[in-house]
Amino acid sequence: AITTPLILVDLALLSRTDTPTILTLVGCDLLMVITGLIGALTVAPYKYCWWVAGLAFFIIVVTTLIGRLNNAEGYGGEALKGLSWLTIISWIVYPVVWIVGSEGTGALGLSQEVGIITLTDLVSKLGFGFYLLANLEAPGVDEEPLNTSSQQYV
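Scoring rules and cut-offs
- Residues numbered from 1 in each chain as written.
- Predicted model: local features only at pLDDT ≥ 70, side-chain atom pairs only at ≥ 80, totals over all residues.
- Heavy atoms only, no water.
- Helix = DSSP H or I, 4+ residues; strand = E, 2+ residues; numbered from the N terminus.
- Buried < 20%, exposed > 50% of the residue type's maximum accessible area, 1.4 Å probe, protein only.
- Areas by Shrake-Rupley, 256 points an atom, 1.4 Å probe, with all protein chains shown as cover.
- Patch = residues over 30% accessible without salt bridge, like charges linked within 9 Å, V, L, I, M, F, W, Y side chains within 5 Å.
- Salt bridge = Lys/Arg side-chain N within 4 Å of Asp/Glu carboxyl O.
- Core = buried A, V, L, I, M, F, W, Y, C linked by side-chain atoms within 4.5 Å.
- Contact = heavy atoms within 4.5 Å.
- Lys, Arg positive; Asp, Glu negative; His and termini not counted.
- pLDDT = per-residue confidence, 0-100.
- Expected span 1.5 Å × (residues − 1).
- Polar contact = N/O pair within 3.5 Å; in protein donor to acceptor, adjacent residues only side chain to side chain.

Draft legend 1. Layout of the overall build of the chain. A count of helical and extended segments in the chain gives 6 helices and 0 strands. Counting from the amino terminus, helix and strand elements in the chain follow one another as α-α-α-α-α-α. Counting the 154 residues in the chain, one finds 30% classified as buried. By element, 69% of the accessible surface of the chain is carried by carbon and sulfur atoms, the whole surface being about 9500 Å².

Draft legend 2. Seen up close, a nonpolar patch on the surface. On the surface, Leu-30, Ile-34, Ile-38, Val-43, Tyr-46 and Trp-50 cluster together to form a nonpolar patch covering roughly 540 Å² of accessible area. Mapped by element, the contributors of at least two residues to the nonpolar patch are α2 (19-41) and α3 (46-69). Inspection of the secondary structure assignment puts Ile-34 in helix α2. On the basis of relative accessibility, which here comes to 43%, the residue Ile-34 falls in the partly exposed class.

Draft legend 3. Main features of the nonpolar core. Within the largest apolar cluster, 21 residues are counted, with the highest numbers of intra-cluster contacts made by Leu-11, Val-61 and Leu-65. Secondary structure elements with two or more residues in this core: α1 (3-14), α2, α3, α4 (77-91) and α6 (110-135). Residues contacting Leu-11, with those up to four places away along its chain left out, are Leu-65, Leu-80, Leu-83, Ser-84, Thr-87 and Phe-128.

Draft legend 4. Molecular detail of the side chain of Glu-113. Along the polypeptide, Glu-113 turns up in helix α6. Within the buried core, Glu-113 has no salt-bridge partner, and the shortest N-O distance to an opposite charge, that of Lys-47, equals 9.9 Å.

Draft legend 5. Region of interest: the pattern of salt bridges. Per the counting criterion, the structure on display carries 2 salt bridges. Among the ionic pairs, Glu-78 bridges to Lys-81, the shortest N-O distance being 3.9 Å. With Glu-78 and Lys-81 both in helix α4, this residue pair falls 3 residues apart, about one helical turn. Using a relative accessible area of 37% as the deciding quantity, one classes Lys-81 as partly exposed. The residue Asp-121 makes a salt bridge to Lys-125 at a minimum N-O spacing of 3.1 Å. Of this pair, Asp-121 and Lys-125 both sit in helix α6, 4 residues apart, roughly one helical turn. For Asp-121, a relative accessible area of 29% corresponds to the partly exposed category.

Draft legend 6. Broad picture of the confidence of the model for the chain. The pLDDT averaged across the chain works out to 86; a share of 88% of its residues lies at or above 70. Below a pLDDT of 50 lies the segment residues 143-150, which in the model reaches 1 contact outside its immediate sequence neighbourhood of four places, other chains included.

Draft legend 7. Structural view of α1. Given a rise of 1.5 Å per residue, 12 residues ought to cover 16 Å, and the 17 Å separating the end C-alpha atoms of α1 matches this to within 8%. All of the buried residues in α1 are Thr-4, Pro-5, Ile-7, Leu-8, Leu-11, Ala-12 and Leu-14. If you follow the buried residues of α1, they end up packed against α2, α3, α4 and α6.

Draft legend 8. Local environment of the side chain of Thr-87. With respect to the helices, strands and loops of the structure, Thr-87 is situated in helix α4. On the basis of relative accessible area, Thr-87 is assigned to the buried category, the value being 1%. One polar contact links the side chain of Thr-87 to the main-chain carbonyl oxygen of Leu-83, over a distance of 2.8 Å. Thr-87 has contacts with Ile-7, Leu-11, Leu-65 and Phe-128, leaving out every residue within four places of it along the chain.

Below, the structure written as structure tokens:
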């Protein structure tokens with residue numbers, strides 16, 4: 001519930017998204033996580049209603065990310081596209097594992113579920129961070145430093 005809003009804020013800031021859209025993304029993300037938690041703590045068949053509610057919030061997040069990915073201003077460039085698709089594709093694993101894992105139908109063994117979630121966390125969080133650092137250019141690299149005439153104070 002801490003890293004996913006930060007990832008969404010990073011993506012939103014890369015695409016220079018407005019504040020209401022950022023708040024919508026973070027709010028839907030938090031509601032998605034909370035509904036998944038409530039569903040995991042609830043008995044069947046009600047848990048599946050909570051899963052569907054979380055999936056609805058997930059769809060809102062994904063459609064907003066795709067909308068900002070193709071922003072008309074062209075902000076973010078290739079880094080935004082790569083990071084957005086990395087996030088979307090890796091986050092698709094979470095609801096699938098929830099429904100076939102121990103919280104949902106139980107079709108997946110606990111060790112397999114933990115392994116898949118661990119790998120997905122590594123890709124979606126560490127992979128995001130490394131990709132961001134490797135592909136983000138520092139702002140103003142081509143610009144001259146400010147106040148170059150007053151560099152000598154001796």
